[in-house]
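Listed here are the chains, written in short residue letters.
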Amino acid sequence: MTRLTLARDKIRVLLLEGVHDSAVATFAAAGYGQVERLDGALDRDELAERLASAHIVGIRSRTQLDGELLRGASKLFAIGTFCIGVNQVDLDAARLLGVPVFNAPYANTRSVAELVIGEIILLQRRVPWLSALAHAGVWQKGARGAHEVRGKVLGIVGYGHIGSQVSALAEAFGLQVRYHDIEPKLTLGNAQPCTSLDELLTISDIVTLHVPATELTQGMIGANEIARMKAGALLINASRGDVVDLDALAEALRGGHLSGAAVDVFPTEPTSAAAVFSSQLQGLDNVILTPHIGGNTEEAQEGIGREVADKLIRYSDSGSTQGAVNLVEVSLPVQRDRTRFLHIHHDRPGVLAAVNRAFSSRDLNIAGQYLRTDGQVGYVVIDVHGQAEEGAEIKAELEAIDATIRVRFLF
Ligand code: NAI
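## What about the site of the ligand?
Around the ligand sit 27 residues in total, of which H161, I162, D181, V211 and D264 are the nearest. I162 is positioned such that a nitrogen or oxygen atom in its backbone is 2.8 Å from an oxygen atom of the ligand. Protein burial of the ligand: of its 860 Å² of free accessible surface, 85% is covered by the chains. Per-class residue counts for the shell around the ligand are 11 nonpolar, 11 polar and 5 charged.

## Comments concerning a negative patch on the surface
There is a patch of like negative charges on the surface, built from D43, D45, E46 and E49. In this structure, E49 sits in helix α2 (residues 44–53). The exposure class of E49 is exposed, given its relative accessible area of 60%.

## Things to note about helix α1 (residues 21–29)
All buried positions along α1 are accounted for by S22, A23, T26 and F27. Viewed end-on, α1 has its buried residues packed into an arc of 135°, placing them on one side of the element. Against β1 (12–15), β2 (34–37), β3 (56–59) and α11 (298–318) lie the buried residues of α1. Where α1 ends, the next residue or the one after it, G31, has phi of about 95°, a positive value.

## Here's the deal with the packing of α1 against α11
In the contact formed by α1 and α11, the axes pass within 7 Å of each other and the chain directions differ by 30°. As far as their axial angle goes, α11 and α1 are roughly parallel. Crossing handedness for the pair α1 and α11: right-handed. Between α1, through S22, A23, T26 and F27, and α11, the contact on the second element is made entirely by Q301, E302, G305, R306, A309, D310, L312 and I313. Of the residues that constitute the contact of α1 with α11, the class distribution is 5 nonpolar, 4 polar and 3 charged.

## Some remarks on the pairing of strand β4 (residues 78–81)
What you see with β4 is no split at all: A78 and G80 on one side and I79 and T81 on the other are buried throughout. Across 4 bridges, β3 lies against β4 in parallel orientation. Its bridge partner lying in β4, I59 is registered against T81. With helix α3 (residues 67–72) bridging β3 and its parallel neighbour β4, the resulting β-α-β unit is right-handed. As paired elements, β4 and strand β5 (residues 101–102) share 2 bridges and run parallel to each other. By the bridge assignment for β5, I79 is matched with V101. Assessed by its sense of winding, the connection that carries the chain from β4 through helix α4 (residues 91–96) to β5 is right-handed.

## Observations regarding empty space enclosed by the protein
Enumeration over the complete set of coordinates arrives at 1 cavity of 30 Å³ or more. Of the voids in this model, the largest cavity is the one considered here, and its volume is about 30 Å³. Lining of the largest cavity is provided by Y315, L342, I344, Y379, R406, V407 and R408. Breaking the lining of the largest cavity down by element, the ones donating at least two residues are β13 (338–346) and β16 (404–410). When residues in the lining of the largest cavity are grouped by element, the largest group, 3 residues, is from β16.

## Details of unusual backbone geometry
Positive phi, close to 60°, is recorded for R126, a residue that is not glycine. Residue D363 is not a glycine yet carries a positive backbone phi of 60°. Within the secondary structure, D363 sits in the loop between α12 (351–360) and β14 (366–373).

## What about the pattern of salt bridges?
If charged atoms from side chains of opposite charge come close, those side chains can pair. Following the criterion strictly, the structure yields 21 salt bridges and no others. Residues D317 and R8 are paired through a salt bridge, measuring 3.2 Å at the closest nitrogen-oxygen approach. Note that D317 is positioned in helix α11 and R8 in the segment before β1, a separation of 309 residues in sequence. In this structure, the salt-bridge partner of R348 is D402, at a minimum N-O distance of 3.5 Å. Highlighted residues: R348 in the loop between β13 and α12 and D402 in the loop between α13 (391–400) and β16, separated in sequence by 54 residues.

Reading the values: rules and limits
- Residues numbered from 1 in each chain as written.
- Predicted model: local features only at pLDDT ≥ 70, side-chain atom pairs only at ≥ 80, totals over all residues.
- Heavy atoms only, no water.
- Near = heavy atom within 4 Å.
- Polar contact = N/O pair within 3.5 Å; in protein donor to acceptor, adjacent residues only side chain to side chain.
- Areas by Shrake-Rupley, 256 points an atom, 1.4 Å probe, with all protein chains shown as cover.
- Nonpolar A, V, L, I, M, F, W, Y, C, P; charged D, E, K, R; others polar.
- Patch = residues over 30% accessible without salt bridge, like charges linked within 9 Å, V, L, I, M, F, W, Y side chains within 5 Å.
- Salt bridge = Lys/Arg side-chain N within 4 Å of Asp/Glu carboxyl O.
- Lys, Arg positive; Asp, Glu negative; His and termini not counted.
- Charge placed at Lys NZ, Arg CZ, Asp CG, Glu CD.
- Helix = DSSP H or I, 4+ residues; strand = E, 2+ residues; numbered from the N terminus.
- Buried < 20%, exposed > 50% of the residue type's maximum accessible area, 1.4 Å probe, protein only.
- Arc of directions from axis to C-beta.
- Contact = heavy atoms within 4.5 Å.
- Axes fitted to C-alpha atoms, helices over the stretch in contact; angles between N-to-C directions.
- Parallel < 35°, antiparallel > 145°, perpendicular 65-115°, else oblique.
- Left-handed = near helix turned anticlockwise from the far one by under 90°.
- Pairing = 2+ DSSP bridges.
- Right-handed = clockwise from strand over helix to strand, strands pointing away.
- 1 Å grid on protein atoms, 1.4 Å probe; cavity = no way out; pocket = protein on both sides within 12 Å on 5 of 7 lines; lining within 4 Å.
- Points joined across faces, edges and corners; volume = space filled by probe spheres on them.

Listed below in structure tokens is the structure:
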């Protein structure tokens, strides 16, 4: 196993906000012996104090890591956000400190896709309405208005991670999949692209939205687009709250142009369970309302724990920044019989020459060199043959280069 400048059992990993057991297990399996997990978030003073001694920190969405906190965390070399979002971290400040931030953007993809498939079937059978009636003591039996999903046209808007998973699952149920995306996409199975959003809206029995929040997608489905949908069609939105005009949707459901909808995301969402949720869709018969839980499953949490811990370990063990959201991504070969130096620096002329001098002046042959820069911060990884006896000395020389932000070596 590669040895690190700081041995694995000395690397202090602090996990906050009840990060999943899978993260702790992943660190333990990789030989990291000092992993501390706390159930909650910390107040600012305690956080600053704990960060001062942590090498790796893992948070979820409640911990805010701003520039001041990060600058005070002198030992910190990597951050994991054990969730999808990363805007709770000052990514620029972390980058300028040479601290990569890793997240798990797609660990809950399957959970969202499964929910959408379930909703399609329930809406086609009018289950939200029938279930509410049964709860109220009404036995409403009959086939009118209830449909199989087999053979129906499912229009997927946004054929990315979630959209394409929905596509694969939907085909297994016999749906005919059509999709619209602004980028060319690799089509799965028998799905077919549409020439435009308008085409998709006019041919689909069910439309499901899986686009990101951008200027183009804000208000993407309003009264005009809904009017273009087939009479009796269904609309599902588990993407972002401001993609659909909910007034227009409520109107189309009340007027009977659409026969049902499932909505998981809203323009304004309560920030806690204590706050009251209100929406113009409440009280409508065949509408499933869910509190932004598309990606919330135990499996997704477990996946996030494993994925983020893996990325942090790969960075710590090998220097790989693959999956970092704020630092150039460098994917590295497995290091065998080599000493590896990792140098994060301000991107200025002459840095590489100074770095290389530390090796050439010692007659050390460079076996591999990997460099990426974003114009402001650069990351160069240098492999030299054998175990460089002068590792600590070279590290000190690299640290003395004016533009250096951070240096580590692995042997
Ligand atoms: P992704 O980035 O993999 O896919 C998005 C796709 O939409 C891309 O293929 C992109 O080219 C396409 N796209 C962008 N603008 C478009 C436009 N104007 N018209 C058509 N296509 C367009 O994203 P992913 O992971 O599939 O997520 C999709 C959405 O789901 C995001 O908004 C995300 O925030 C949301 N989401 C919701 C969750 C929930 O709990 N309900 C959980 C996870 C994600």
